[in-house]
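# Structural overview for review
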Amino acid sequence: MPPVAVQLHSLLFKLILRRRLSSLSASASAPASAPFGVSSRPADQHPSPPSNPSFSPASPDGVATKDLHPDPLSSLHLRLFLPNPNHHATGGTVPHPLRRNSFPQPQHRDAAPGQELLSRSRRASASFHGVGVSPAPTAQAAPRNYGGYLPTAGATRSASRRKLPVIVQFHGGAFVTGAADSAANDAFCRRVARLCDAIVVAVGYRLAPESRYPAAFEDGVAVLRWIAKQANLAACGRTMMGKGTGADSFGAAMVEPWLAAHADPSRCVLLGVSCGANIADYVAQKAVESGKLLDPVRVVAQVLMYPFFMGSAPTHSELKLANSYFYDKSSCLLAWKLFLPEGEFSLDHPAVNPLAPRRSPPLKLMPPTLTVVAELDWMKDRAIAYSEELRKVNVDAPVLEYKDAVHEFATLDVLLKTPQAQACAEDIAIWVKKYISLRGHELSY
């Protein structure tokens, strides 16, 4: 039995969720909105913490964050979490970073005519000089009023021997709420980035009912392709610099410097929370089907935290715990009706049931999968069944079940400081390091 405070919070959460689902259901009958969609709702949670792209006292956990919008044609939103890449090499001290401002500043009254335009052009473009073999000639002239971290050529060379793996994270919220930059998701991703010593890419996918299936799932695949593109552009830039052909090109301006300097996409892990676990599993399937088309991205493992799986044949936990904490079965059914295309609602839809007969590719080709379930979650039995099917075909697929835990116990803001949430994050880090460690599988369950 969870604490009384959790039970009370669960009642309030259910009331708010049902009201929101009812409101969205009423608006879903209106004409469909533009494909741009929405990736967050202002009334969902407390104000989102602003991104902080620096390793400063304002980020005591040593994790810098940055917001990106990689697709101008949709509301897809990313928040990057970068643990200090020089922490181990420097004994915890961070060299003074190259500072650059991405926004035009008012011209100083003493500046010469044309100086503002020159500095603005330097600020508005990305450069391969941050990931190449030599610093940019204008690096010393970069403005100093940007407080964020930008890899320098020297820092890149010293950190190149220690590239960081990439964890692509999908938040929960029943496909209709939640955001990559919400307070709870921000705190959870910071914890994962710090414990796993990895770059976390939190995906703010398009929400339903404005964008129904497969919009959110396609956003997940699009992020993998974007990471692959970033890696290829960075490699191209290093080649160009090595040949002395220069790097100031259209492609260079599209490079994300954090990923280019510190990410190792060949060690990519998918992490999905609640309905985000359904997205992660779909993205893993598409990664298997794509094969080398996603090079150099390689999905080495996935973590499914209390997946949002259902099916037409009820399981024991669905019958016993249908009215359990936070997400009850009636609310989840309504959420699925808002997410699936109109006229295609079925609890055996491939997005809903991972063991649907028409699933592709075969389970034996899936990456190692860690499944996290809560004892008081009515969806746990189907997640466990999916893990059992993976083990039958020799996929490493352990299950971690936490006693007296509820759905979202490790990622909900009110529960983030509980011992169960902290233990869960540490257990995930131990298992993930089996597949992202460069030293091999020294840690295992």
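Residues numbered from 1 in each chain as written. Predicted model: local features only at pLDDT ≥ 70, side-chain atom pairs only at ≥ 80, totals over all residues. Heavy atoms only, no water.

Taking an unreviewed UniProt entry as the reference, the chain is identified by name as Alpha/beta hydrolase fold-3 domain-containing protein belonging to Miscanthus lutarioriparius.

## Things to note about the sheet that holds strand β2 (residues 77–83)
The following threshold applies: Strand pairing is defined by DSSP finding a minimum of two bridges between the two strands. We count a stretch as a helix when DSSP gives it H or I for four or more residues in a row; a strand needs E for two or more, and each element gets its number in order from the N terminus. Axes here mean lines fitted to C-alpha atoms, for a helix over just the part in contact, with angles spanning 0 to 180 degrees between N-to-C directions. We call two residues contacting when some pair of their heavy atoms lies within 4.5 Å.
Spatially, eight strands are ordered β1-β2-β4-β3-β5-β6-β7-β8 in an open sheet, and the strand pairing comes out mixed. The sheet is open, and its two edges are formed by β1 (63–68) and β8 (399–402), each paired on a single side. Direction aside, neighbouring strands of the sheet carry axes that sit 20 degrees apart on average. In the sheet, strand β6 (residues 299–305) pairs with strand β7 (residues 369–374) via four bridges, with the strands oriented parallel. Its bridge partner being in β7, Q302 is matched across the sheet by T369. Strands in contact with helix α4 (residues 183–196) are β1, β2, β3 (164–170), β4 (199–204), β5 (263–273) and β6; relative to β2, the strand with the most contacts, it is inclined by about 40 degrees. Each of β3, β5 and β6 is contacted by helix α7 (residues 275–290), which is oriented at about 140 degrees to β5, the strand it contacts most.

## Some remarks on the nonpolar core
Selection rule: Side-chain atoms within 4.5 Å link the members of a nonpolar core, which is a set of buried Ala, Val, Leu, Ile, Met, Phe, Trp, Tyr and Cys residues. Buried means the residue's accessible area, taken with a 1.4 Å probe over protein chains only, is under 20% of the maximum for its type, while exposed means over 50%, and partly exposed covers the values in between.
By size, the foremost hydrophobic cluster in this structure holds 119 residues, and its most contacted members are V168, L224, L270, M305 and F409. In this structure M305 touches F188, L271, G272, V273, S274, A277, V372, A410, T411, C424 and I428, once residues within four positions along its chain are discounted.

## Section: the pattern of salt bridges
Worth spelling out the cut-off: By convention in these notes, a salt bridge is any Lys or Arg side-chain nitrogen within 4 Å of a carboxyl oxygen on Asp or Glu.
One pass over the structure, following the stated rule, counts 16 salt bridges. Across the pair R190 and D186 runs a salt bridge whose closest N-O atoms are separated by 3.0 Å. Here D186 and R190 lie together in helix α4, a separation of four residues that amounts to about one turn. A relative accessible area of 13% means that R190 is categorised as buried. Classification of D186 as buried rests on a relative accessible area of 6%. For D219, the salt bridge goes to R206, with nearest N and O atoms at 2.9 Å. Linking D219 in helix α5 (residues 215–242) with R206 in the loop between β4 and α5, this pair joins segments that are 13 residues apart in sequence. The exposure class of R206 is buried, given its relative accessible area of 13%.

## So, helix α10 (residues 380–392)
Quick note on the threshold: Helices are assigned an expected span. That span is 1.5 Å times one less than the residue count.
Between its first and last C-alpha, α10 extends 19 Å over 13 residues, near the 18 Å set by a 1.5 Å rise per residue. Of the residues making up α10, those classed as buried are K380, R382, A383, I384, Y386, S387 and L390. Considering only its buried residues, α10 is in contact with α7, β6, α8 (316–320), β7 and β8. Trailing α10 by a residue or two, N394 shows a phi angle of about 70 degrees, which is positive.

## Considerations on a nonpolar patch on the surface
Defined as follows: Distance thresholds for patches are 9 Å for like charges and 5 Å for nonpolar side chains (Val, Leu, Ile, Met, Phe, Trp, Tyr), applied to residues having over 30% relative accessible area and no salt bridge. Only the protein chains shown count as covering a residue, and every accessible area follows the Shrake-Rupley method with a 1.4 Å probe.
Where nonpolar side chains cluster on the molecular surface, the patch consists of V4, L8 and L11 and spans about 320 Å² of accessible area. Turning to its location among the elements, L11 is positioned in helix α1 (residues 4–28). You can call L11 exposed: its relative accessible area is 53%.

## What about the pairing of β4?
Counting buried positions over the six residues of β4 gives six, a clear majority of the element. The alternating pattern of β4 places I199, V201 and V203 on one face and V200, A202 and G204 on the opposite face, and all of these are buried. The sheet contact formed by β2 and β4 spans five bridges and is antiparallel. Bridge pairing in β4 links F81 to V200.

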